[in-house]
Protein chains: 2
Amino acid sequence: MIFLKAYLTKKRKLVDAALHGFLEKEKTKPGVIHKAMRYSVFAGGKRLRPVLCLAGAEVCGGNSARVMPTACALELIHTYSLIHDDLPAMDDDDFRRGRPTSHKVFGEGMAVLAGDALLTFGFELIAGNARIKGVSSESVVRVLEVVAKGIGTLGMVGGQVADMEASGKKHSARELGFIHEHKTGSLITASLVSGAMLVGAAPSQVKALENYGENIGLAFQIVDDVLDIVGDKKLLGKRGSDQDNNKLTFPAVYGLELSKKKAQAAVAKAKKALGVFGERAKVLSALADYMVERQN
Amino acid sequence: MIFLKAYLTKKRKLVDAALHGFLEKEKTKPGVIHKAMRYSVFAGGKRLRPVLCLAGAEVCGGNSARVMPTACALELIHTYSLIHDDLPAMDDDDFRRGRPTSHKVFGEGMAVLAGDALLTFGFELIAGNARIKGVSSESVVRVLEVVAKGIGTLGMVGGQVADMEASGKKHSARELGFIHEHKTGSLITASLVSGAMLVGAAPSQVKALENYGENIGLAFQIVDDVLDIVGDKKLLGKRGSDQDNNKLTFPAVYGLELSKKKAQAAVAKAKKALGVFGERAKVLSALADYMVERQN
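1. Section: the packing of helix H6 (residues 108–128) of chain A against helix H6 (residues 108–128) of chain B
Working step 1: Orientation of H6 of chain A relative to H6 of chain B, taken along the N-to-C sense of each, is 20°, at an axis distance of 10 Å. Judged on the interaxial angle alone, H6 of chain B and H6 of chain A are roughly parallel. Between H6 of chain A and H6 of chain B lies a crossing whose hand is right-handed. Residue-level inspection shows Glu 108, Asp 116, Leu 119, Thr 120 and Phe 123 of chain A of H6 of chain A in contact with H6 of chain B, the latter providing Glu 108, Asp 116, Leu 119, Thr 120 and Phe 123 of chain B.
Working step 2: A breakdown of the residues in the contact of H6 of chain A with H6 of chain B according to their chemical character gives four nonpolar, two polar and four charged.

Here it is, written out as structure tokens:
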């Protein structure tokens, strides 16, 4: 796993530098919105979605530098979803990653707008990826559709809606599957597929990444739920709030032990899907293992 | 103006039918979000932005049927901005067009998500416009950038931020110009330009439409402010709330009479910009006049 750690550190640095360059300066008028956007984007995120986008390009034999605008866009879109999910009218979380959430610092109205602006700028960055040499406008249009579907009402937003509706109600395993497949899995899969499509991947490669993405997305969410209960609050940067909110979670439905087993089974399936890529799949394979081993 | 009325009626019907077809059915899971989206989209809007997109294509000699997905997308994006603007944390409006606002019917959390989903689906529809014969992926990518810029922090969202910051403060003419140019003008201009670009307009045509759009956008906003004070509340479907909210408006800065004169001057400039189009500009010219004559 040492090579994975080095890989993640390297990619995160590249992504952070690119994000700094892409995002508007804080002094650009109106300053407060640009400040609010940067506050949440640079709040210590793992940059998992950008890394998946870059790795998705590389595993198909492409140059990941070509997909950097889209990789950054996926982080902005992820950040938008966190800001809106944390709002008092939704999950009502005051802290994330150890810092006060956007609405606590900038007020609710500005937090809504910061999320809106990050989502919008995300789409702008993806469209702008067409200006990079070797990237076709056709592939950019396809990626825009894949990402929009992945985060729309049949994807991420649909998962958040189902999550809100399930809170406080009787737990059902089927509902739980729907929520997490949509709320987390869709954007993770879209991230992998975007990187692949922009470097001209074959349909069989895209298919394999979809399969891999769905499974690591599932593992990721189960581990998130488990960490909310057993994790180190300091490492997580937040108190576990799922139980307080009576949230529909994997441990609530299956118990802790079976939840962990389900995460391991998903990781095994994800790694199997990487078969078509041969040796190139080393990073993604290690990333799948990391999904269940992470502590925050 | 009779021909304009017939033109608007015809186009609105086409746009409404297309919107019905594009939007997910209410019964599609999770139903509540699709219900909330349709509730606000079919709330009696004037469909001004779609009409401008279609007319923008036609004035450049293009077939407006080809830009219908983008025309509808612009209405979805406009609707998203209204839902979020009406939220308690922003303008806190309980009624719009005579009906309770989204958050009054579906709750605040769902209203935030309905707006998010409309914005996202708007971008999906624009990307999907590339599948229509005769529309190039290159032009779709350019339109996506134009729209995203027009509604981002240097456009519509920036205007909303400045508007929130100006509420209750000392009025300044310069600030007022910034707010309205961004809050309303940017999306109106983007609508015209989008239609033109998708049918392969020449740069000089795009430039003329930008000039026209900025001026009718200004006229539109001044008249909005004026109607908030002198308009028929029944026709408007809302009570005038700008004065209650101590909003920075044109009448507040210039008084009613000078505001009306400024609107007329902007309309004259807009019509002048249409010179390059000759006879084809008949609709857009009449639309400019309509901007100052409208009662709601």
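Picking up after the structure, the text goes on.
2. Notes on the relation of the copies chain A and chain B
Two chain copies here: they are related by a rotation about an axis and a translation along the same axis.
Working step 1: Take chain A, turn it by 180°, move it 0.0 Å along the axis, and it overlays chain B with an RMSD of 0.0 Å. Both copies of the chain, as the preceding transformation shows, are related through a two-fold rotation axis. When C-alpha positions in chain A are compared against the rotation axis, the closest is assigned to Ser 137 of chain A, at 2.7 Å.
Working step 2: Looking at the interface residues of chain A, 100% of them are also at the interface in chain B, so both copies use one shared face.

3. Notes on the interface of chain A and chain B
Working step 1: Chain A puts 48 residues into the contact, and the matching count from chain B is 48 residues.
Working step 2: Buried area between chain A and chain B, summed over both chains or domains, comes out near 4,000 Å², and the portion from carbon and sulfur atoms is 71%.
Working step 3: Taken together, chain A and chain B are joined by six salt bridges.
Working step 4: The residue Lys 29 of chain A makes a salt bridge to Glu 175 of chain B at a minimum N-O spacing of 3.4 Å.
Working step 5: On the surface where chain A and chain B come into contact, there are 10 residue pairs in polar contact (both at pLDDT 80 or more).
Working step 6: For the side of chain A that touches chain B, the residue count by class is 26 nonpolar, 11 polar and 11 charged.

4. Remarks on the environment of His 103 of chain B
Residue and element names in this part refer to chain B.
Working step 1: Along the chain, His 103 falls in helix H5 (residues 102–106).
Working step 2: When the C-alpha atoms of His 103 and Arg 280 are compared, they prove to be 42 Å apart, with 177 residues separating the residues in sequence.
Working step 3: Ignoring any residue separated from it by four or fewer positions in sequence, one finds His 103 in contact with Asp 86, Leu 87, Pro 88, Asp 93, Asp 94, Glu 108 and Ala 111.

5. A short note on a negative patch on the surface
Working step 1: Residues Asp 92, Asp 94 and Glu 108 of chain A together with Asp 92, Asp 94 and Glu 108 of chain B make up a contiguous surface patch of negative charge.
Working step 2: Structurally, the position occupied by Glu 108 of chain A is in helix H6.

Conventions adopted
- Residues numbered from 1 in each chain as written.
- Chains lettered and ligands numbered in written order.
- Predicted model: local features only at pLDDT ≥ 70, side-chain atom pairs only at ≥ 80, totals over all residues.
- Heavy atoms only, no water.
- Axes fitted to C-alpha atoms, helices over the stretch in contact; angles between N-to-C directions.
- Helix = DSSP H or I, 4+ residues; strand = E, 2+ residues; numbered from the N terminus.
- Parallel < 35°, antiparallel > 145°, perpendicular 65-115°, else oblique.
- Left-handed = near helix turned anticlockwise from the far one by under 90°.
- Contact = heavy atoms within 4.5 Å.
- Nonpolar A, V, L, I, M, F, W, Y, C, P; charged D, E, K, R; others polar.
- Least-squares fit on C-alpha atoms with pLDDT ≥ 70 in both.
- Buried area = accessible area lost by both parts, 1.4 Å probe.
- Salt bridge = Lys/Arg side-chain N within 4 Å of Asp/Glu carboxyl O.
- Polar contact = N/O pair within 3.5 Å; in protein donor to acceptor, adjacent residues only side chain to side chain.
- Patch = residues over 30% accessible without salt bridge, like charges linked within 9 Å, V, L, I, M, F, W, Y side chains within 5 Å.
- Areas by Shrake-Rupley, 256 points an atom, 1.4 Å probe, with all protein chains shown as cover.
- Lys, Arg positive; Asp, Glu negative; His and termini not counted.
- Charge placed at Lys NZ, Arg CZ, Asp CG, Glu CD.

The quantities given are spatial measurements derived from coordinates; they are silent on function.
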